[in-house]
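Structural overview
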Amino acid sequence: MTLDVDALLAPPSPVAARALNVVRAWSSPALVNHCLRSWAWASLLAPTIELEPDRELLFVATMLHDLGVTPSFDAHAVPFEDAGGAVGSVFALGAGWDAARARRVGEVIERHMWTSVDPALDVEGHLLEVATSLDVSGAGFARWKTSDLLAVTAAVPRLDFSEAFDGLIHEQAGRKPSSSAARLDGSGNVAAGGSRWTSFLDNPDIVE
């Protein structure tokens, strides 16, 4: 069956649609596409590992998870995922969510930079962490159907995401040497991920 990418990428609620509008207003096209692909990867993975996320919560968190690296929401001393989590929580409160549900947006965003999130602790956090690991670092191609990876990436191209994001993370690491951005920068996984994606898209029959 051919993947219906338009249906896959559609926001699951009016609040989710507003979150997409926010990321489009405040992020570069490459970063917007990263958020949309991450949503697609999370959504496609969930049923294969028997997880049933709160789709609205996951979509909102996924759209807003990297706002902390954008010029308008960057915080000088606070890790970018904490800054993004704060923005996400404020957005959710403004959308009328109660305090506990709004805080969940912040938690999911903060946890996406953990090296691993136990799904027993946080289903949405786990899915966002794994999905962004695929999109940023090229980790785990084999967990998704090759045809789905190609269809989503054709509809939502990578543009200059890897190069631009590598620069943003490097800059964050310089200002925040104890942050998770510094760990990611030191690992070289952003640049390596860009190379993995290029190799995969050039030759999808070879999957790591």
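Among the nonpolar cores identified, the biggest contains 47 residues, and Trp41, Val60, Met63, Leu64, Val105, Trp144 and Leu149 are the most heavily contacted of them. The element contributing the most residues to this core is helix 3 (residues 29–45), with nine residues. In this structure, Met113, Val136, Phe161 and Ala181 belong to the second largest nonpolar core, which totals 12 residues.

Taking 1.5 Å per residue, 13 residues should reach 18 Å; helix 2 (residues 14–26) reaches 19 Å between its end C-alpha atoms and fits that length. Listing the buried residues of helix 2 in full gives Val15, Ala16, Ala19, Leu20 and Val23. The buried residues of helix 2 occupy an angular sector of 150° when the element is viewed end-on, so they sit on one face. Of the residues in helix 2, the exposed ones pointing more than 90 degrees away from the buried face are Pro14 and Ala25. Packing partners of the buried residues in helix 2 comprise helix 3, helix 4 (55–64) and helix 5 (80–94).

Think of it this way: side chains of opposite charge can pair up when their charged atoms draw near. One pass over the full model with this rule turns up 12 salt bridges. A salt bridge links arginine 104 to glutamate 107, with the nearest nitrogen and oxygen atoms 2.9 Å apart. Residue arginine 104 and its partner glutamate 107 are both found in helix 6 (residues 99–111); the two are separated by three residues, about one turn of the helix. Overall, the relative accessible area of 21% leaves glutamate 107 in the partly exposed class. The residue arginine 111 makes a salt bridge to aspartate 122 at a minimum N-O spacing of 2.8 Å. In this pair, arginine 111 sits in helix 6 while aspartate 122 sits in the loop between helix 6 and helix 7 (123–137), placing the two residues 11 residues apart along the sequence. Assigned by exposure class, arginine 111 and aspartate 122 land together as buried. The network of salt bridges with common partners includes Arg104, Glu107, Arg111, Asp122 and Glu124.

Turning our attention to the layout of surface pockets. Any empty space left between atoms is shown by rolling a water-sized probe over those atoms. Of the voids in this model, the largest pocket is the one considered here, and its volume is about 300 Å³. Among the secondary structure elements, those contributing two or more residues to the lining of the largest pocket are helix 7 and helix 10 (180–187). Counting residues per element, the lining of the largest pocket draws most heavily on helix 7, which supplies five residues. Residue classes in the lining of the largest pocket are distributed as six nonpolar, nine polar and three charged.

Below, the discussion takes up the packing of helix 9 (residues 161–175) against helix 11 (residues 189–202). Packing of helix 9 against helix 11 brings their axes to within 9 Å, and their N-to-C directions diverge by 175°. By the angle between their directions, the pair helix 9 and helix 11 is classed as roughly antiparallel. Judged by residue contacts, Ser162, Phe165 and Asp166 of helix 9 engage Val190, Ala191 and Gly194 from helix 11. The class makeup of the residues in the contact of helix 9 with helix 11 is three nonpolar, two polar and one charged.

Attention now goes to the environment of leucine 127. Residue position: leucine 127 is located in helix 7. Look at leucine 127 and you get buried, because its relative accessible area is 0%. Between the C-alpha atoms of leucine 127 and asparagine 203, which are 76 residues apart in sequence, the distance is 26 Å.

Scoring rules and cut-offs
- Residues numbered from 1 in each chain as written.
- Predicted model: local features only at pLDDT ≥ 70, side-chain atom pairs only at ≥ 80, totals over all residues.
- Heavy atoms only, no water.
- Core = buried A, V, L, I, M, F, W, Y, C linked by side-chain atoms within 4.5 Å.
- Buried < 20%, exposed > 50% of the residue type's maximum accessible area, 1.4 Å probe, protein only.
- Helix = DSSP H or I, 4+ residues; strand = E, 2+ residues; numbered from the N terminus.
- Expected span 1.5 Å × (residues − 1).
- Arc of directions from axis to C-beta.
- Contact = heavy atoms within 4.5 Å.
- Salt bridge = Lys/Arg side-chain N within 4 Å of Asp/Glu carboxyl O.
- 1 Å grid on protein atoms, 1.4 Å probe; cavity = no way out; pocket = protein on both sides within 12 Å on 5 of 7 lines; lining within 4 Å.
- Points joined across faces, edges and corners; volume = space filled by probe spheres on them.
- Nonpolar A, V, L, I, M, F, W, Y, C, P; charged D, E, K, R; others polar.
- Axes fitted to C-alpha atoms, helices over the stretch in contact; angles between N-to-C directions.
- Parallel < 35°, antiparallel > 145°, perpendicular 65-115°, else oblique.

Worth remembering: the numbers are spatial, not functional.
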